[in-house]
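Spelled out from the first residue to the last, the chains are:
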Amino acid sequence: MNAPVLPAGGGCRTAPVLKERGQREVFCGLTGIIWLHRKMQDAFFLVVGSRTCAHLLQSAAGVMIFAEPRFGTAILEETDLAGMADAHTELDREVDRLLARRPDIRQLFLVGSCPSEVIKLDLHRAAERLSVRHAPHVRVLNYSGSGIETTFTQGEDACLAAMVPVLAETQARELLVVGALPDVVEDQMLSLLAALGVGPVRLLPARRIDATTGVGPNTVFALTQPFLGDTHAALERRGARHIPAPFPFGEEGTTAWLSAIAAEFGVDAATFAAVTDAPRARARKAVEQASTALSGKSVFFFPDSQLEIPLARFLTRECGMTAIEVGSPYIHDALHGPDLDLLPAGPQISEGQDVERQLDRARAARPDLTVCGLGLANPLEAEGLSTKWAIELVFTPVHFYEQAGDLAGLFSRPLRRKSLLHLEAAE
Amino acid sequence: MKLTVWTYEGPPHVGAMRVATAMRGLHYVLHAPQGDTYADLLFTMIERRNHRPPVTYTTFQARDLGSDTATLFKDACASAVARFQPQAIIVGASCTAELIQDDPGGLSEALGLDIPVIPLELPSYQRKENFGADETFYQIVKALAKETPRTARPTCNILGPTALGFRHRDDVEELTGLLSDLGIGVNVVAPLGASPADIVRLPAAHFNVLLSPETGETAARWLEKTYGQPFTKVVPIGVGATRDFIAEVGDITGLPMKIDESRLRLPWWSRSVDSTYLTGKRVFIFGDGTHVAAHARIARDEMGFEVVGMGCYNREMARPVRALAKQYGLEALITDDYLAVEAEIERLAPEMILGTQMERHIGKRLGIPCAVISAPVHVQDYPARYSPQVGYEGANVIFDTLVHPLVMGLEEHLLTMFREDFEFHDAAGASHHGAAAVRPAPQPEEQAPTSSGGSVVIWLADAEKELRKIPFFVRGKARRNTEVFAQGKGLQEISIDTLYEAKAHYAR
Ligand code: SF4
């Protein structure tokens, strides 16, 4: 009844994938700290890295958040590289200082970087040691956000995956919703699920450490972000079961996502309709208005956040666009399969990157809209291609019904803008 | 190990990128993991460049580490040369690649390329961005410059402007015009806009103008030693410095220096009566050493401000800035820890800050107006309009820059007279700013008793109330002066009388 209609000409799930292993133009996983530290209000993210790592965080944040942010970089210096024992003592000292200054911090993440990994600084051991030292007030965990291990949004995946083993064991039948969402969107989602009668609902990450998020064999979980492959695996190892679904972008994606959960919890059709009909209609109308500039236009995705496949599905099915290439840093069938099923056959699906070759393809295809990273956007604009910088898609509330119109608007704004500017002489 | 949140400078390879991106026909092959490609956005987003920086990153991953990152580097290097056809390449490692010790210099040499290959050794765990730029430019000059006959007419090179430099684009234009008025041609500007072929003919100039010591001094010294080209020591930012610079050029060239000053407006703007209100404004100056030194002189001698503190974040400039501060009766703050800068500003409670994007944020937090005078800066400090810092037009631009954040002359009096007016109260800020442009400090005045310098002075309630009637832009100064005055008199408490006695004491 609510199942989306499969494309007549077939989907992309079995389409051949162009696998590239060349140079990448993508952020590393440290970037996730920018939104994770806002989401978890009692957490601090301590990167153990270099001046480059600190500079990346500062630059990726765009504007500095000058209320003292809950992240920082312990910059390795020449002396730390000399002997390992030294680095651990130094780390302990910095952590002691930090926690003394910030008594509000309850969870500390030691975040590994390329330098800390290359010198094999064992942050797992450090986290265990520091956990004992600062128990019970502070829990210390570690994960890698390094560029040699993770791209961009994989940092959030690594962070959440690191939290899974320490979640309390529960036998309760609960829905666990996984993925950091802006608070306003999370609240909308929770009220939709409550109205459907689905519950209890737990969140990962929770806003605070004391939240009662547990996991066990009766847990079923839904992902709100398409980049949580490791977290997915970690939850399955704890016995939880994944509810596969397209991701909740746009009216159709949101409905499909909710209906997969509704089916799991035995929600009847009438209730589902009563809860979703009005927001569905609103979302459809909003998308329709925001997407007039998109209809009939072509789009080309550079790999960035792993949101590319679900977003291509949204743009092609709800906004009337055609996809030329859909690049994703990684493709997991368990996560991306349902969206690939719905994405009409045609576009080149590519995984990984060889940036120069991909630029050649984009230039040859001259798409109406190119979705790419910050480093590529202005240069492509200068070549006459309209662009949407991908990072905005992870920093802006775009999930679920009430944001569906905003999501279409993010893509249509560059095109509308182009049509608004008239700089030639009047003649 | 040192905990850092915000940094004034990036790592040294970002300095190398500033040089590479400034130049034409040069390519940088950087052994680095994928995340390091963030640095592209500094140029394409913050500086709004319409080209990608000419940088190829090897983007090695963990799985490559055990096997063959060296081959990866060689492949990246060969394909970058084939694709971009540069006249020369620079090769180097970022912080991570420095640890795996692949030796980009040796590897690229082994490729047998038919263009110059310039290896860079930039110690990522010791040095920073400005060093990286200075060293990279020096290595390029050293590798490429060739003995060339001097030009027939007097010419100079302009050295030091880079990509992401503070107003370098416009400074080059203004300086070129100034030199042309003096009858001196510009042989090469470098690195900004220069190709490797241009670098070859640097020695044709009679002397060098060092626009940015932070990024060009080592090259200038080497050219002086190797090709006998003297270089200018004065950076012509401000009226006095521009006049000194012209005199210095006269000394170097032996030419008569005649210059038309009719475009110079700062002196009259500063003398005209409306500017009386600028008198003795207490300013704190922080940034790179060159801009701080220039602005200290402008602030004191050309604007009539009182410099209450100064410092720089680049250690390379510590010595000259320390010496300069001494001349102002101050001790320089040399640090790259913005928290230390913030604490110093809080302590000094200046009426205005001249600083970088960091001080802009600090000023916002403390309710102190700030003018941005030095890198690092945000996108809004790369203006579309022409706004040089050097020369006469630079002085005009700086006058406007320093006055803009302040409350203007008569407005200051009106605020004092009508401070009870609900729409015209001090928290509304200066009329030419948006509603929220200047906010009063987050009420430090509520926390009596105040402790300064060890002893505790208590503000009595009515004195505290009176203090709050003083407009926000002088309140910090009044509070501080009164406390210092009270301590000097050995008083434990501040009453309304103490406040006014202090006011009389400090009257000028
Ligand atoms: S790629 Fe590695 S070295 Fe570069 S910023 Fe990311 S973690 Fe740090």
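From a predicted model like this one, the values you see are computed outputs, not experimental measurements.

1. What about the overall build of chain B?
Then step 1. Secondary structure summary: chain B contains 21 helices and 16 strands in total.
Then step 2. In chain B, 69% of the contacts between residues at least 6 apart in sequence involve partners at least 24 apart.

2. Some details on the overall build of chain A
Then step 1. Along the backbone of chain A there are 17 helices and 16 strands.
Then step 2. The globule rule puts the C-alpha radius of gyration for 427 residues at 22 Å, and the 22 Å found for chain A is close to it.
Then step 3. Going through the 427 residues of chain A one by one, you find that 54% of them count as buried.
Then step 4. Counted over contacts in chain A with a minimum sequence separation of 6, partners at least 24 positions apart contribute 75%.

3. Focus on the sheet that holds strand β3 (residues 55–57) of chain B
All names here are of chain B.
Then step 1. A sheet is described by the order of its strands in space; here four strands give the open sequence β3-β2-β4-β5, paired in parallel fashion. Looking at which strands have only one partner, the edges of the open sheet turn out to be β3 and β5 (117–119). Strand-to-strand twist across the sheet, computed as the mean angle between neighbouring axes with direction ignored, equals 20 degrees.
Then step 2. Pairing geometry for strand β2 (residues 26–31) and β3, over three bridges, is parallel. Across the sheet, the residue bridging to Y28 is V55, located in β3.
Then step 3. Against the sheet, helix α4 (residues 69–84) touches β2, β3 and β4 (88–93), its axis set at about 160 degrees to β2.

4. Quick notes on the pairing of strand β8 (residues 201–204) of chain A
Residue and element names in this part refer to chain A.
Then step 1. When strand β7 (residues 174–178) meets β8, the two strands line up parallel, connected through four bridges. Residue L176 lies in a different strand from β8, and its bridge partner there is R202.
Then step 2. Once the chain exits β7 it traverses helix α8 (residues 183–196) before rejoining the sheet at β8, and the crossover so formed is right-handed.

5. Considerations on the domain arrangement of chain A
Residue and element names in this part refer to chain A.
Then step 1. Domain assignment breaks chain A into domain 1 (17–24 + 283–420), domain 2 (29–150) and domain 3 (168–279).
Then step 2. Computed from C-alpha atoms alone, the centre-to-centre distance between domain 1 and domain 3 is 26 Å.
Then step 3. At the interface, 31 residues of domain 1 touch 25 residues of domain 3.
Then step 4. For the side of domain 1 that touches domain 3, the secondary structure elements donating two or more residues are α11 (269–290), α12 (308–318), α13 (333–342) and α17 (404–420).
Then step 5. Split by residue class, the side of domain 1 that touches domain 3 holds 18 nonpolar, seven polar and six charged.

6. A word on the packing of helix α13 (residues 289–302) of chain B against helix α14 (residues 318–327) of chain B
Residue and element names in this part refer to chain B.
Then step 1. In contact at an axis separation of 10 Å, α13 and α14 are set at 15 degrees when each is read in the N-to-C sense. Between α13 and α14, the angle is such that the two are roughly parallel. Considering only the axes of α13 and α14, their crossing is left-handed. On α14, the residues that touch G289, V292, A293 and A296 of α13 are P320, V321 and L324.
Then step 2. A per-class count over the contact of α13 with α14 returns six nonpolar, one polar and no charged.

7. Things to note about the packing of α11(A) against α17(A)
Residue and element names in this part refer to chain A.
Then step 1. At a minimum axis distance of 7 Å, the contact between α11 and α17 shows a crossing angle of 10 degrees. One element, α11, and the other, α17, form an angle in the roughly parallel class. Contacts from A283, A286, V287, Q289 and A290 of α11 reach α17 at A404, G405, A408, G409 and S412.
Then step 2. The residue inventory of the contact of α11 with α17, partitioned by class, reads six nonpolar, four polar and no charged.

8. Focus on the interface of chain A and chain B
Then step 1. Taken residue by residue, the interface counts 49 residues in chain A and 47 residues in chain B.
Then step 2. Secondary structure elements with two or more residues in the side of chain A that touches chain B: α2 (51–60), β3 (71–75), α3 (78–82), α4 (84–101), α5 (114–118) and α15 (374–382) of chain A.
Then step 3. Tallying contributions element by element places α2(A) first for the side of chain A that touches chain B, with eight residues.
Then step 4. Looking at side-chain class alone, the side of chain A that touches chain B contains 27 nonpolar, 12 polar and 10 charged residues.
Then step 5. Pairing of β3(A) with strand β1 (residues 2–4) of chain B involves three bridges; the strand directions are antiparallel.

9. Considering the domain arrangement of chain B
All names here are of chain B.
Then step 1. Domains assigned within chain B are domain 1 (12–143), domain 2 (145–253), domain 3 (266–406) and domain 4 (441–508).
Then step 2. The straight-line distance from the C-alpha centre of domain 2 to that of domain 3 is 25 Å.
Then step 3. Of all the elements in the fold, those that place two or more residues in the side of domain 2 that touches domain 3 are α8 (168–181), α10 (213–227) and α11 (239–253).
Then step 4. Per element, the largest residue contribution to the side of domain 2 that touches domain 3 is six residues, and it comes from α8.
Then step 5. In the side of domain 2 that touches domain 3, the residues fall into 10 nonpolar, five polar and six charged.

10. Things to note about the site of the ligand
Then step 1. What surrounds the ligand is a group of 16 residues, the closest being A:C28, A:C53, A:C114, A:G147 and B:G35.
Then step 2. At the ligand, the nearby residues belong to more than one chain, namely chains A and B.
Then step 3. A per-element tally of the shell around the ligand places α2(A) first, with three residues.

11. Looking at the environment of A:I324
All names here are of chain A.
Then step 1. Mapped onto the fold, I324 is located in strand β13 (residues 322–328).
Then step 2. Since 22 C-beta atoms lie within 10 Å of it, I324 is described here as buried.
Then step 3. When the C-alpha atoms of I324 and P367 are compared, they prove to be 7.4 Å apart, with 43 residues separating the residues in sequence.
Then step 4. Beyond its immediate stretch of four places on either side in the chain, I324 contacts S298, V299, F300, P347, A365 and P367.

12. Remarks on unusual backbone geometry
Then step 1. In the segment running from A:A135 into A:P136, the intervening peptide bond is cis, with an omega of -5 degrees.
Then step 2. In this structure, B:P191 follows B:A190 across a cis peptide bond, with omega equal to 0 degrees.
Then step 3. In this structure, B:P191 sits in the loop between β7 (185–190) and α9 (196–200).
Then step 4. We note that B:A349 has phi near 40 degrees; this positive angle belongs to a residue other than glycine.
Then step 5. Position of B:A349 among the secondary structure elements: in the loop between α15 (338–348) and β12 (352–355).

13. Some points on the sheet that holds strand β11 (residues 333–334) of chain B
All names here are of chain B.
Then step 1. A sheet is described by the order of its strands in space; here five strands give the open sequence β11-β10-β9-β12-β13, paired in parallel fashion. A single partner strand is all that each edge strand has here, and the edge strands are β11 and β13 (370–372).
Then step 2. Here three bridges tie strand β9 (residues 282–287) to β12, and the two strands are oriented parallel to one another. Residue V283 lies in a different strand from β12, and its bridge partner there is M352.
Then step 3. Contacts between α14 and the sheet are confined to β10 (306–312) and β11, with β10 contributing the most and set at about 165 degrees to the helix.

14. Observations regarding the confidence of the model for chain B
Then step 1. Predicted confidence across chain B gives a mean pLDDT of 90, with 90% of residues reaching 70 or more.
Then step 2. Here residues 434–454 of chain B is a poorly scored stretch, pLDDT under 50, and it has 32 contacts once near neighbours within four places are set aside; other chains count.

15. Considerations on α14(B)
All names here are of chain B.
Then step 1. Taken as a whole, α14 has its buried residues at V321, L324 and A325. On an axial view of α14, the arc spanned by its buried residues comes to 100 degrees, and they lie on one face. Seen from the buried face of α14, the exposed residues on the opposite side, beyond 90 degrees, are R319, A323, K326 and Q327.
Then step 2. Tucked into the core, α14 has its buried residues touching α13, β10 and β11.
Then step 3. Positive phi shows up at G329, right after α14, with a value of about 70 degrees.

Calculation rules
- Residues numbered from 1 in each chain as written.
- Chains lettered and ligands numbered in written order.
- Predicted model: local features only at pLDDT ≥ 70, side-chain atom pairs only at ≥ 80, totals over all residues.
- Helix = DSSP H or I, 4+ residues; strand = E, 2+ residues; numbered from the N terminus.
- Contact = placed C-beta atoms within 7 Å.
- Rg over C-alpha atoms; globule rule 2.2 N^0.38 Å.
- Buried ≥ 20, exposed ≤ 12 C-beta atoms within 10 Å, placed from the backbone.
- Pairing = 2+ DSSP bridges.
- Axes fitted to C-alpha atoms, helices over the stretch in contact; angles between N-to-C directions.
- Right-handed = clockwise from strand over helix to strand, strands pointing away.
- Domains from an automatic or database assignment.
- Nonpolar A, V, L, I, M, F, W, Y, C, P; charged D, E, K, R; others polar.
- Parallel < 35°, antiparallel > 145°, perpendicular 65-115°, else oblique.
- Left-handed = near helix turned anticlockwise from the far one by under 90°.
- Near = placed C-beta within 6 Å.
- pLDDT = per-residue confidence, 0-100.
- Arc of directions from axis to C-beta.

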